[in-house]
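Each chain is listed here by its residues.
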Amino acid sequence: MNYDKEKPNTINTISTIFPRDIEKITVKRKEVEDGYYINTFYPFYPGIYLFLNEVHATNINAGTFPKETQMIVINYCLSGRCEFKAFGDKYKYLTDNNISIGGYVVKESFFYPSDFYLGFEVGIIEELFTKETWDILNEFQIDINCLNNLSKNNNGLLILEANSEVQKIWLDMYSDKDEDPYIIKLNMLKILRILSKNELANDTSTLYLTKGQMEIARAVHKRLTQDLSVHISIRQISEELNISQSSLKKYFKIMFDMNVSEYMKIARLKKAAKMLAETDISIFDIADLCGYTNQGRFAKIFKEYYGMRPLEYRQTSIKFKK
């Protein structure tokens, strides 16, 4: 095998998405329309790309690889929720302590239902391996063929629940995220070894949405959140979309992992917290803009969620800024 034969097209494309020849921890932040995200890249071995994703947004444009790119993509969710497109136009959702293993699926963007996501990602492109890569994989008894087979199961996206051993390794990696990159490298090799030996349980992601169902869930979300000062019922949206209330609730629950009323309560409180911290709008008006006509009830619910009353939250935010 000619390990050092370069694949110019693939390498040039990859280098526009992943930094090449990473020798130290590299952090990149990018602003997007509804927030920002931070990618932290770690030194690894040629053909294997390891990075930490911290997302504070709903949508992020995806990097574009050639359609023929043969890639294994592994994700571990530390916190938050991310939508993944599997083959056959099926949409699955990665959440806390889930590991996904899949092949590269061409898509325009990534969707984060909770507006937040934190997790590690590994991209494995075998055609870019060098002798050094193969040597370390052999030394750790990491079977790439097994990982390839796993990535092709379950419509091209296998989602597993990490056991306590694997969870601890991921959490150790996160604890060391700004420290020694060699410790992170060692821990990642341990995880690849465990995954390649297929030592975790079977696919836990039995729930998924079709493309049509996914679009309906997003339409419901958009309708509910476009003006938080207004309360819109599922019955009203059901009539507008000509779809049963039970179906709307089911699709919404699969996508957002909570029922509509709980989601809307949190959405209103998050908006209120942001306005308290970033504006001088009165608390009375903030309550009204977030759908609370009773300021006393607003203060009570706000304290239950944030542990302090709205005025305390504003005062704390001002002190923090100073």
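Below: a short report on this structure. Numbers given for residues are sequential positions, taken from 1 along each chain in its written order. The predicted nature of this model means local features are confined to residues of pLDDT at least 70 and side-chain atom pairs, given and counted, to a pLDDT of 80 or more, with totals for whole chains, interfaces and linings taken over all residues. For side-chain calculations, the full set of non-hydrogen atoms in the structure is used, while hydrogens and water are omitted.

1. Section: the nonpolar core
One recurring pattern in soluble globular proteins is that nonpolar side chains are buried together. Buried residues of nine kinds, namely Ala, Val, Leu, Ile, Met, Phe, Trp, Tyr and Cys, make up a nonpolar core once their side-chain atoms join them within 4.5 Å. Classification of residues uses two cut-offs on accessible area relative to the type maximum, computed with a 1.4 Å probe and protein chains only: under 20% is buried, over 50% is exposed, and between them is partly exposed. Core analysis: the largest hydrophobic core is formed by 39 residues, its most contacted members being Leu50, Ile74, Ile99, Ile124, Leu147, Trp170 and Met188. Numbering of helices and strands runs from the N terminus; a helix is a DSSP stretch of H or I covering at least four residues, while a strand is a stretch of E covering at least two. Take this core: its biggest share by element is 7 residues, from helix α5 (residues 181-196). Two residues qualify as a contact provided that any one of their heavy atoms is within 4.5 Å of a heavy atom in the partner residue. Among all residues touching tryptophan 170, those that are not within four sequence positions of it are Tyr76, Ile99, Phe120, Met188 and Ile191. The next biggest cluster of nonpolar side chains, apart from the first, holds 23 residues, and it includes Leu224, Ile237, Ile254 and Ala267.

2. Some details on the state of the cysteines
Note that a disulfide, as used here, is simply two cysteine sulfur atoms within 2.5 Å. A complete count under the given rule lists 0 disulfides for this structure. No disulfide involves cysteine 82; its nearest neighbouring cysteine sulfur is the one of cysteine 77, lying 8.1 Å away.

3. Brief notes about the pairing of strand β7 (residues 98-103)
Along β7, 5 of the 6 residues are buried, which leaves the element largely enclosed by surrounding structure. Summarising the sheet, strand β5 (residues 72-86) and β7 pair through 5 bridges and their orientation is antiparallel. Among the inter-strand pairings, valine 73 is bridged to a residue of β7, identified as glycine 102. Pairing between strands requires that DSSP locate at least two bridges from one strand to the other. With 5 bridges joining them, β7 and strand β10 (residues 157-161) adopt antiparallel strand pairing.

4. What about the pattern of salt bridges?
Salt bridges are defined by distance alone: a side-chain nitrogen of Lys or Arg within 4 Å of a carboxyl oxygen of Asp or Glu. Scanning the model with the defined rule gives 12 salt bridges in all. For glutamate 262, the salt bridge goes to lysine 265, with nearest N and O atoms at 3.8 Å. Placement of both glutamate 262 and lysine 265 in helix α9 (residues 260-278) is noted, with a separation of 3 residues, approximately one turn of the helix. By relative accessible area, lysine 265 is classed as partly exposed at 30%. The salt bridge involving glutamate 304 is made with lysine 300; its shortest N-O contact spans 2.7 Å. Residue glutamate 304 and its partner lysine 300 are located together in helix α11 (residues 295-306), separated by 4 residues, close to a single helical turn.

5. Things to note about the packing of aromatic side chains
Classification of ring pairs uses Phe, Tyr and Trp, with its six-membered ring standing for Trp, and accepts pairs whose centres are within 6.5 Å; under 30 degrees between planes counts as stacked, over 60 as edge-to-face, and the remaining range as tilted. If you walk through the whole model with that rule in mind, you get 16 aromatic pairs. Three or more aromatic residues joined by ring pairs make a cluster, and in this case those are Tyr292, Phe298, Phe302, Tyr305, Tyr306 and Tyr313. Distance and angle both matter: a charge sits over a ring if NZ of Lys or CZ of Arg is within 6 Å of the ring centre and within 35 degrees of the ring normal. Over the face of the ring belonging to tyrosine 36 we find arginine 29, whose NZ or CZ atom lies 3.7 Å from the ring centre. The residue whose ring lies beneath arginine 218 is phenylalanine 111, and the NZ or CZ to ring-centre distance is 4.0 Å.

6. With respect to unusual backbone geometry
With phi around 65°, aspartate 115 is a residue other than glycine that occupies positive phi space. Take aspartate 115: it is sitting in the loop between β8 (109-111) and β9 (117-124). Aspartate 115 sits in the partly exposed class, given a relative accessible area of 35%. Here the phi dihedral of asparagine 242 falls at roughly 60°; this positive angle occurs in a residue that is not glycine. When you line up the elements, asparagine 242 lands in the loop between α7 (234-241) and α8 (245-256).

7. Description of the packing of α9 against α11
Think of each axis as a best-fit line through the C-alpha atoms, taken over the contacting stretch in the case of a helix, with angles from 0 to 180 degrees between the N-to-C directions. Where α9 contacts α11, the axes come no closer than 11 Å and their chain directions differ by 90°. When the axis of α9 is compared with that of α11, the two are roughly perpendicular. Only Phe298, Ile301, Phe302, Tyr305 and Tyr306 of α11 make contact with α9, whose side of the interface consists of Lys265, Ile266, Leu269, Lys270, Ala272, Ala273 and Leu276. Residue classes follow a fixed rule: Ala, Val, Leu, Ile, Met, Phe, Trp, Tyr, Cys and Pro count as nonpolar, while Asp, Glu, Lys and Arg count as charged, and any other residue, Gly among them, counts as polar. Classifying every residue of the contact of α9 with α11 gives 10 nonpolar, no polar and 2 charged. Our angle categories are set so that under 35 degrees counts as roughly parallel, over 145 as roughly antiparallel, 65 to 115 as roughly perpendicular, and the remainder as oblique.

8. A few points about the environment of isoleucine 48
Relative to the elements of secondary structure, isoleucine 48 occurs in strand β3 (residues 48-56). For isoleucine 48, a relative accessible area of 5% corresponds to the buried category. With sequence-adjacent residues up to four places away left out, isoleucine 48 is seen in contact with Val122, Gly123, Ile124, Phe129, Thr133 and Leu137.

9. Comments concerning α7
All buried positions along α7 are accounted for by Ile234, Ile237 and Ser238. One side of α7 holds all its buried residues, which, seen down the axis, span an arc of 105°. For α7, the exposed residues set more than 90 degrees away from the buried face come down to Arg235 and Glu239. With its phi angle positive at about 60°, asparagine 242 sits one or two positions after the end of α7. In this description, one arc is meant: the one made by directions from the helix axis to the C-beta atoms.

Interpretation in functional terms is not warranted from these geometric data alone.
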